[in-house]
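Analysis of the macromolecular model
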Amino acid sequence: MADDDIERIPIHKLRQEPGAHDLATSPDMRPYLEFIKAVMQDHDPSPELEAIRQLPFERRYVWRVASALKWGLADCESMSVEADKETLTPEDIAKVKELLKFRPMQLAIVLKALVGVEEMQRMMIEAIGMANQA
């Protein structure tokens, strides 16, 4: 893609979803932000990686993502979703769809970074297949 095809958006027009700022500025994210800054400034990120290496597992970024998914989906079943679908207003359904809009893509991005492209694709395709059979 040529630079001419890139839409430039001023920083003041960027928006975050509610809660994103609090998570991004939490103390547990500081080592990750320092790592990102070092990489973007083409500095050696070794000190930042060492700081991350020293974090307890339960304070790691991947733990936050994985545990949030576990908490949110541990009792996942479709009958309750069907009941809500039948009883929610169209406006509420639209709100839920908006909340979920980017989640599959975000999960794919996390999986790609964690396990690689091929394994991410395998996992996502397997999940789609299982969901189709359910």
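Everything here concerns the structure above.
Description of the structure in this document.

Rules of the game
Residues numbered from 1 in each chain as written. Predicted model: local features only at pLDDT ≥ 70, side-chain atom pairs only at ≥ 80, totals over all residues. Heavy atoms only, no water. Helix = DSSP H or I, 4+ residues; strand = E, 2+ residues; numbered from the N terminus. Rg over C-alpha atoms; globule rule 2.2 N^0.38 Å. Buried < 20%, exposed > 50% of the residue type's maximum accessible area, 1.4 Å probe, protein only. Salt bridge = Lys/Arg side-chain N within 4 Å of Asp/Glu carboxyl O. Polar contact = N/O pair within 3.5 Å; in protein donor to acceptor, adjacent residues only side chain to side chain. Arc of directions from axis to C-beta. Contact = heavy atoms within 4.5 Å. Patch = residues over 30% accessible without salt bridge, like charges linked within 9 Å, V, L, I, M, F, W, Y side chains within 5 Å. Areas by Shrake-Rupley, 256 points an atom, 1.4 Å probe, with all protein chains shown as cover. Axes fitted to C-alpha atoms, helices over the stretch in contact; angles between N-to-C directions. Parallel < 35°, antiparallel > 145°, perpendicular 65-115°, else oblique. Left-handed = near helix turned anticlockwise from the far one by under 90°. Nonpolar A, V, L, I, M, F, W, Y, C, P; charged D, E, K, R; others polar.

Summing up its helical and strand segments, the protein has eight helices and zero strands in all. Its helices and strands in sequence order give the protein the pattern α-α-α-α-α-α-α-α, from N to C terminus. In terms of overall dimensions, the protein is more spread out than a globule: its C-alpha atoms have a radius of gyration of 19 Å, far above the 14 Å expected for 134 residues. Its C-alpha atoms give the protein principal-axis dimensions of about 55 × 40 × 30 Å.

Unlike most non-glycine residues, Asp42 shows phi in positive territory, near 60 degrees. Checked against the element boundaries, Asp42 lands in the loop between helix H2 (30-40) and helix H3 (46-53). Taking relative accessible area as the criterion, Asp42 reaches 70% and is therefore assigned exposed.

Evaluation of the coordinates by the stated rule reveals seven salt bridges. We note a salt bridge from Glu34 to Lys37, for which the minimum N-O separation is 3.6 Å. Placement of both Glu34 and Lys37 in helix H2 is noted, with a separation of three residues, approximately one turn of the helix. Residue classification places Glu34 among the partly exposed residues on the basis of a relative accessible area of 26%. Notably, a salt bridge pairs Asp92 with Lys95, separated by 3.8 Å at the nearest N-O pair.

For the rest of this paragraph, the subject is helix H5 (residues 78-87). A small share of H5 lies buried, amounting to zero of its ten residues. Sitting at the head of H5, Glu77 places a side-chain oxygen 2.9 Å from the backbone nitrogen of Met79.

Along H2, the residues classified as buried are Pro31, Tyr32 and Ala38. Mapping the buried residues of H2 onto a view down its axis gives an arc of 125 degrees, with all of them on the same face. Turning to H2, the residues buried within the fold contact H3 and helix H4 (61-73). One or two residues past the end of H2 sits Asp42, with phi positive at roughly 60 degrees.

A word on a nonpolar patch on the surface. A contiguous nonpolar surface patch, about 540 Å² in accessible area, is contributed by Phe57, Tyr61, Val62, Trp63, Leu114 and Val115. Elements represented by at least two residues in the nonpolar patch include exactly H4 and helix H7 (103-115). In terms of residue count, H4 provides more of the nonpolar patch than any other element does, three residues in total. By secondary structure assignment, the location of Trp63 is in helix H4.

Here we come to the packing of H2 against H3. Contact pair H2 / H3: the axes reach a minimum separation of 9 Å and the direction vectors enclose 160 degrees. With respect to their mutual orientation, H2 and H3 come out roughly antiparallel. Crossing geometry of H2 relative to H3 is assigned as left-handed. Residue-level inspection shows Pro31, Tyr32, Glu34, Phe35 and Ala38 of H2 in contact with H3, the latter providing Glu48, Leu49, Ala51 and Ile52. In terms of residue class, the contact of H2 with H3 is made up of seven nonpolar, no polar and two charged.

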